[in-house]
Amino acid sequence: MVDRPGRLQTRRQILKTAIGGTAGIVLGTPVLSLTAARAQAVSESAGTGTLRLSDDLFVVRIPGEANVVAQIDGKGVLLVDGGSAAGSDALMKAVSSLPAAGPVHTIFNTHWHTGQTGSNERLGRAGAAIIAHENTRLWLTQNITWPWNGQRFARLPKVAQPNKTFYTTGKLDSDVRYGYIPDAAHTDGDLYVHFPKQNVLAVGDAVSGQGWPSVDWWTGGWIGGIVGGLQRLQTLADENTRIVPARGPVLSLTDLKAQYEMYGTIYDRLSQMLNKGRGPTEAVAAAPTKEFDAQMGNPDEFVRRAFESLWAYLSPDA
Ligand SMILES: [Zn+2]
């Protein structure tokens, strides 16, 4: 489902693709320290409970679950992601206790992973709109097995599948905007949801707020897409935008810029190794993330997946 180029893009080419006609917006960004972002991550990493972003917008954080953004409007509640099936009861309880909450009328799936789509079935049965990129719907209609660990995911029943899909962008009557992140930062169906009034951007797993990201190359994600997605999302944010990832604390534009620098550096190193004919094990051994590991944690699985993602991106049959 991904457009795969016939050859590896350089970082500069990814950049050009990501920012389209707005060249120059982020070029020349200074290298920013990750220290501030990481300090915040540490202080909030155990954060659970509800975080209030504005009078009508919240991050609902259930222990062990991904972040869920909830907006209260005149019709009820809009959610961005729905946690796992196991956490769905706790999530719905927390959502129903938000001030002036009504029934959930709309849920966005930022991507197909079970940590985001576990409330689809109950909400679909209740008649909610389930909005996702068309690629996400397609993944949810089939059984998936991850080749790196054998983990299996069963297709969702029809009622739980997204019932309102799109390809590029969309807008709700409430002025909530959403759009595809075509770089394939995490999967090939990533979306963002933008709340312009509250200046909040929900980005799912396209940006990791906590530790190294998982690179799901089996369903289209790749390390170049992480870089491209970080570039693209910067064009939707200003210095006051609150950016809510699926994992970890709320981030800022400064955090996105710092992450962009870091993943760009790692992408360049892995690409060079690929061009020299090296493999994933050699990539891990070469410690291409070494100056970031103290802040980010053990990188081995991330580096392996990221390197494999370059292979997958280049292979038409992957
Ligand atoms: Zn995910």
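Residues numbered from 1 in each chain as written. Predicted model: local features only at pLDDT ≥ 70, side-chain atom pairs only at ≥ 80, totals over all residues. Heavy atoms only, no water.

Caption draft 1: Region of the structure containing the sheet that holds strand 10 (residues 169-171). In space, the five strands of this open sheet follow the order 10-11-12-13-14, with mixed pairing throughout. Every interior strand has two partners, whereas the edge strands, strand 10 and strand 14 (242-245), have only one. Ignoring strand direction, the axes of neighbouring strands in this sheet form an average angle of 15°. Two strands pair when backbone bridges link them, and strand 10 and strand 11 (residues 177-180) are joined in this way by three bridges, in the antiparallel orientation. Note that in strand 11 the partner of Thr 169 across the bridge is Gly 179. (Pairing = 2+ DSSP bridges. Helix = DSSP H or I, 4+ residues; strand = E, 2+ residues; numbered from the N terminus. Axes fitted to C-alpha atoms, helices over the stretch in contact; angles between N-to-C directions.)

Caption draft 2: Expanded view of unusual backbone geometry. We note that Ala 184 has phi near 65°; this positive angle belongs to a residue other than glycine. Residues other than glycine seldom take positive phi values, yet Asn 199 does so here, at roughly 55°.

Caption draft 3: Layout of the coordination of the zinc ion. The protein atoms donating to the zinc ion are His 111 (NE2), His 113 (ND1), His 186 (NE2) and Asp 205 (OD), with metal-donor distances spanning 2.1 to 2.3 Å. Taken together, the four donor atoms coordinating the zinc ion span angles of 90 to 172° at the metal, a pattern that classifies the geometry as irregular. Of note, the donors binding the zinc ion are all from one chain and are spaced H-x1-H-x72-H-x18-D. The residues His 111 and His 113 share a single accessibility class, namely buried. (Donors = N, O, S within 2.8 Å, 3.2 Å for Na, K, Ca; no water. Tetrahedral: all angles 85-135°; square planar, octahedral: opposite > 155°, others 65-115°. Buried < 20%, exposed > 50% of the residue type's maximum accessible area, 1.4 Å probe, protein only.)

Caption draft 4: Up close: the layout of surface pockets. Roughly 530 Å³ of volume is contained in the largest pocket. Considering the residues around the largest pocket, the lining is formed by 25 residues, among which Trp 146, His 186, Asp 205, Ser 214 and Arg 247 are closest to the centre. Counting only elements with at least two residues in the lining of the largest pocket, the list comes to helix 4 (114-117) and helix 11 (300-314). By residue class, the composition of the lining of the largest pocket is eight nonpolar, eleven polar and six charged. (1 Å grid on protein atoms, 1.4 Å probe; cavity = no way out; pocket = protein on both sides within 12 Å on 5 of 7 lines; lining within 4 Å. Points joined across faces, edges and corners; volume = space filled by probe spheres on them. Nonpolar A, V, L, I, M, F, W, Y, C, P; charged D, E, K, R; others polar.)

Caption draft 5: Up close: the pattern of salt bridges. Considering all chains together, one arrives at ten salt bridges under this definition. For Arg 177, the salt bridge goes to Asp 175, with nearest N and O atoms at 2.9 Å. Under the relative-accessibility criterion, Arg 177 is labelled partly exposed at 35%. Using a relative accessible area of 28% as the deciding quantity, one classes Asp 175 as partly exposed. Three or more residues are tied together by salt bridges with common partners; here these are Lys 171, Asp 175 and Arg 177. (Salt bridge = Lys/Arg side-chain N within 4 Å of Asp/Glu carboxyl O.)

Caption draft 6: Broad picture of the sheet that holds strand 6 (residues 129-133). The strand order across the open sheet built from seven strands is 1-2-3-4-5-6-9, with neighbouring strands paired in mixed fashion. Both outer strands of the open sheet, strand 1 (49-54) and strand 9 (164-166), are each paired with one neighbouring strand and no more. Shown here is a sheet whose adjacent strand axes are inclined to one another by a mean of 20°, direction ignored.

Caption draft 7: Structural context of the packing of aromatic side chains. Applying the stated criterion across every chain, the model contains 14 aromatic pairs. Relative to Phe 153, the ring of Trp 112 lies with its centre 5.2 Å away and its plane at 80°, an arrangement referred to as edge-to-face. Linking Trp 112 in the loop between strand 5 (104-108) and helix 4 with Phe 153 in strand 8 (residues 152-153), this pair joins segments that are 41 residues apart in sequence. Under the relative-accessibility criterion, Trp 112 is labelled buried at 3%. The buried category is assigned to Phe 153, whose relative accessible area is 10%. Aromatic pair Phe 307 and Trp 311: ring centres 5.7 Å apart, planes at 75°, arrangement edge-to-face. Here Trp 311 and Phe 307 lie together in helix 11, a separation of four residues that amounts to about one turn. You can call Phe 307 buried: its relative accessible area is 0%. Aromatic ring contacts, followed pair by pair, group Trp 112, Trp 146, Trp 148, Phe 153, Trp 217 and Trp 218 into a single cluster. (Phe/Tyr/Trp six-rings, centres within 6.5 Å; stacked < 30°, edge-to-face > 60°.)

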